[in-house]
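A look at the structure
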Amino acid sequence: MKQKTGVIGTESVVLNSSVVDDSITIEVLDEEVLRKKERKKIAFGQVSFGALFIILWEVLTRIGILDSYYWSSPTTILQTGWVALTQGTLLIDLGYTSVATIIGFILGTFIGAGLGLSFWWSPFYSKIMEPYLVAFNSVPKLALAPVLVILLGIGFTSKVTLAFLMVVIVTALAAYSGVKAIDPDMEKLLYSLGAKKRQVFVKVVIPSSMPWIISSLKINIALALAGAIVGEFIASKYGVGRMILYAGQIMDTNLVWVGVVALSLLSIVMYLVTIYVEKFLSKGMNVNR
Amino acid sequence: MEGRYKLEILNNTKIFKKNGQEFIALENTSLQIPEGRFVSIIGPSGCGKSTLFNIIAGLIKPTKGQVLLDGKNIIGENGHVGYMLQKDLLLPWRTILENVVLGLEVKGGKKEENIAKALPLIHKYGLKGFENHFPNELSGGMRQRAALLRTVLYDAEIILLDEPFGALDAQTRLMMQNWLLNIWTDLKKTILFVTHDIDEAIYLSDDIYVLSPRPGRLKTKITVDLPRPRNEGTMLSREYIELKQKLLDLLKDENDQDHAI
Ligand SMILES: Nc1ncnc2c1ncn2[C@@H]1O[C@H](COP(=O)(O)OP(=O)(O)OP(=O)(O)O)[C@@H](O)[C@H]1O
Ligand SMILES: [Mg+2]
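Per an unreviewed UniProt entry, chain B goes by the name ABC transporter ATP-binding protein and belongs to Lysinibacillus composti.

Chain A has the name ABC transporter permease in an unreviewed UniProt entry, where Lysinibacillus composti is given as its organism. Quoted straight from UniProt, the Sequence similarities (unreviewed entry) entry for chain A says "Belongs to the binding-protein-dependent transport system permease family." UniProt annotates chain A under Subcellular location (unreviewed entry) with the comment "Cell membrane".

A word on the overall build of chain B. Across its full length, chain B holds eight helices and 10 strands. The C-alpha radius of gyration computed for chain B amounts to 19 Å, which stays within 12% of the reference 18 Å derived for 261 residues, consistent with globular compactness. Across its three principal directions, the C-alpha atoms of chain B cover 50 × 45 × 40 Å. When the 261 residues of chain B are sorted by exposure, 52% land in the buried category. Long-range pairs, those at least 24 residues apart, make up 68% of the contacts in chain B between residues at least 6 apart in sequence. Put simply, chain B shows about 11,900 Å² of open surface, and 50% of that area lies on carbon and sulfur atoms. Of the side-chain charges in chain B, 34 are positive and 34 negative, and the distance between the mean point of each set is 4 Å.

Looking at where A:Lys203 falls in the secondary structure, it is placed in helix 9 (residues 197-234). A relative accessible area of 14% means that A:Lys203 is categorised as buried. Not counting residues within four places of it along the chain, the set of residues in contact with A:Lys203 comprises A:Leu190, B:Leu91, B:Trp93, B:Arg94, B:Leu102, B:Glu105 and B:Val106.

We now examine the coordination of the magnesium ion (ligand 2). Residue and element names in this part refer to chain B. The protein atoms donating to the magnesium ion (ligand 2) are Ser50 (OG) and Gln86 (OE1), with metal-donor distances spanning 1.9 to 2.6 Å. Highlighted residues: Ser50 in helix 1 (residues 49-56) and Gln86 in the loop between strand 6 (82-84) and helix 2 (96-100), separated in sequence by 36 residues. The exposure class of Ser50 is partly exposed, given its relative accessible area of 24%. Gln86 gets classed as partly exposed once you look at its relative accessible area, which sits at 43%.

Further remarks concern the packing of aromatic side chains. Overall, the coordinates contain 16 aromatic pairs over all chains when judged by the stated rule. Summarising the aromatic geometry, the rings of A:Phe53 and A:Trp57 are spaced 6.2 Å apart at their centres and angled 55° between planes, so their arrangement reads as tilted. With A:Phe53 and A:Trp57 both in helix 1 (residues 31-62), this residue pair falls four residues apart, about one helical turn. Seen from their ring centres, B:Phe38 and B:Trp184 are 5.5 Å apart, and the 80° between their planes marks the pair as edge-to-face. Linking B:Phe38 in strand 3 (residues 38-42) with B:Trp184 in helix 6 (residues 170-187), this pair joins segments that are 146 residues apart in sequence. Residues B:Phe38 and B:Trp184 agree in their burial class; the two are buried. Cation over ring: A:Lys141 sits above A:Phe136, and NZ or CZ is 5.5 Å from the ring centre. If you follow A:Lys197 out to its NZ or CZ, it ends over the ring of A:Trp120, 5.1 Å from the centre.

Following the UniProt record, the feature "domain: ABC transporter" (unreviewed entry) maps to residues 10-238 of chain B here. Between the C-alpha atoms that bound residues 10-238 of chain B there is a distance of 34 Å. The span itself is 32% helix and 27% strand.

Our next topic: the sheet that holds strand 10 (residues 217-223) of chain B. All names here are of chain B. In space, the six strands of this open sheet follow the order 6-7-8-3-9-10, with mixed pairing throughout. Strands with a single pairing partner mark the edges of an open sheet, and in this sheet they are strand 6 and strand 10. Across the sheet, the axes of successive neighbouring strands diverge by a mean angle of 15°, strand direction being ignored. As defined by bridge partners, strand 3 adjoins strand 9 (residues 207-212) across four bridges and the pair is classed as parallel. Residue pairing in the sheet places Ser40 in a bridge with Ile208 of strand 9. Sheet strands touched by helix 6: strand 3, strand 7 (158-162) and strand 8 (190-195). Its angle to strand 8, the strand with the most contacts, is close to 160°.

Criteria and thresholds
Residues numbered from 1 in each chain as written. Chains lettered and ligands numbered in written order. Predicted model: local features only at pLDDT ≥ 70, side-chain atom pairs only at ≥ 80, totals over all residues. Heavy atoms only, no water. UniProt positions renumbered as here; feature names shortened; annotations may be inferred. Helix = DSSP H or I, 4+ residues; strand = E, 2+ residues; numbered from the N terminus. Rg over C-alpha atoms; globule rule 2.2 N^0.38 Å. Buried < 20%, exposed > 50% of the residue type's maximum accessible area, 1.4 Å probe, protein only. Contact = heavy atoms within 4.5 Å. Areas by Shrake-Rupley, 256 points an atom, 1.4 Å probe, with all protein chains shown as cover. Lys, Arg positive; Asp, Glu negative; His and termini not counted. Charge placed at Lys NZ, Arg CZ, Asp CG, Glu CD. Donors = N, O, S within 2.8 Å, 3.2 Å for Na, K, Ca; no water. Phe/Tyr/Trp six-rings, centres within 6.5 Å; stacked < 30°, edge-to-face > 60°. Lys NZ or Arg CZ within 6 Å of the ring centre and 35° of its normal. Pairing = 2+ DSSP bridges. Axes fitted to C-alpha atoms, helices over the stretch in contact; angles between N-to-C directions.

Okay, structure coming up:
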């Protein structure tokens, strides 16, 4: 403890025992190093929690607290999965579902962003369209799946279309929010420099709305996946969704679980890729302004 | 000056109309500005200074009046003058260099040529080493410099500056004022400068136009005959103090008339 002497304004005089100099040096810690340490700890925690969960699942089904007919078990899922992968069609199904998801996601993102950004060109047109966009956004598009399958057939197109529909409006609304948030003075600046409307669009509207579009990507990839799977549920020859449906019909719960786990892994991978893309784009756009 | 002006603003009136109510932002204002002058426009908030600049820059059209650049009417035409708006408006997704060349880019110059023109200015006027930084990494003064360089580099003969130093602290402000005077001397532009600050107006200008509030209209023009180059000592001279007193009186009159401020 530091003790004050009678002199106001001096703090470094200590009457304590033999210590004369009480100035302490605090080691300056590198923030980046600290953050890395923290991140390592978090990653370790995340992995341990997952491992614990899987072990618990295995143990509970082994000792019969959970009925392994319904809940399967990690090892059985792994075995069944391996068989489905090497002898069955799991690989093709996974490919089918992911390609449908990705195409729907990319089309939906680009067309949706284009639609939202196009609203900048004419406030009149955008005011007319906005309520319809909002209304269409609240339509449960998955409920349209049977119609789409009848319309487009049980092939690939109907899956892509569903994935696309899930994404396109959300992205359009996100991009439109971006458009509405543009600083009008930035447009003014460009016009004062003699810019044409097209130049303002390219140099201000698109980059300024980018953060909004980017932030919708993460949700969109999950939505696209849901769209593709529901499409496969309705009627399909391939896909993880179809595999799950088929396994359910023949009461093969293990195979159902394989499908569920495969989908989870797929969505995790896609999510991670999206985060990476997001980071890459955000850096390029200097988004954390 | 044989009656030829670089920029003539003749009897400009701007009326905004909202809910059937007319609001006169600028009334019958005329300014005649010879080439190469440093002209300040001073007046209370809301008296139509930015409106006047928007008209000169061609962003809005006056309800009545003419704007002549070298005797040619430029009403409603963009791109004739360099305009720095009240905010620095650096595009946050562009680096300083990319921001500074924006005007040239809009004009359609080649990228390498634009950069070749911008770099010497950036180096000479105190932003060396920050070319590839983003605006959010710069101090207020530096951002202001970048925005000014963007305006200067646009290479218009006339530059409009709307309170460029309003947000800066006194010390940075003085530094920036000297910096601006340097640029003005080097590049021989005609500058129109809006400010609230009487000292700033006197220190920088050849002419000061005083606007009155509501409706904004030209009140007086004062010519500043202080010798150049000017420095901190200028502010202590007798002429300077007399001018300041005169301006203070003028603006005080206005405040007496207008209690809204
Ligand atoms: N687009 C507009 N519609 C309606 N009124 C406007 C518009 N633009 C400006 N005004 C009004 O015109 C008046 C003058 O505005 P202006 O921005 O020119 O003032 P200023 O002198 O630049 O003020 P400040 O010093 O605060 O920047 C203000 O009362 C403002 O409310
Ligand atoms: Mg203003």
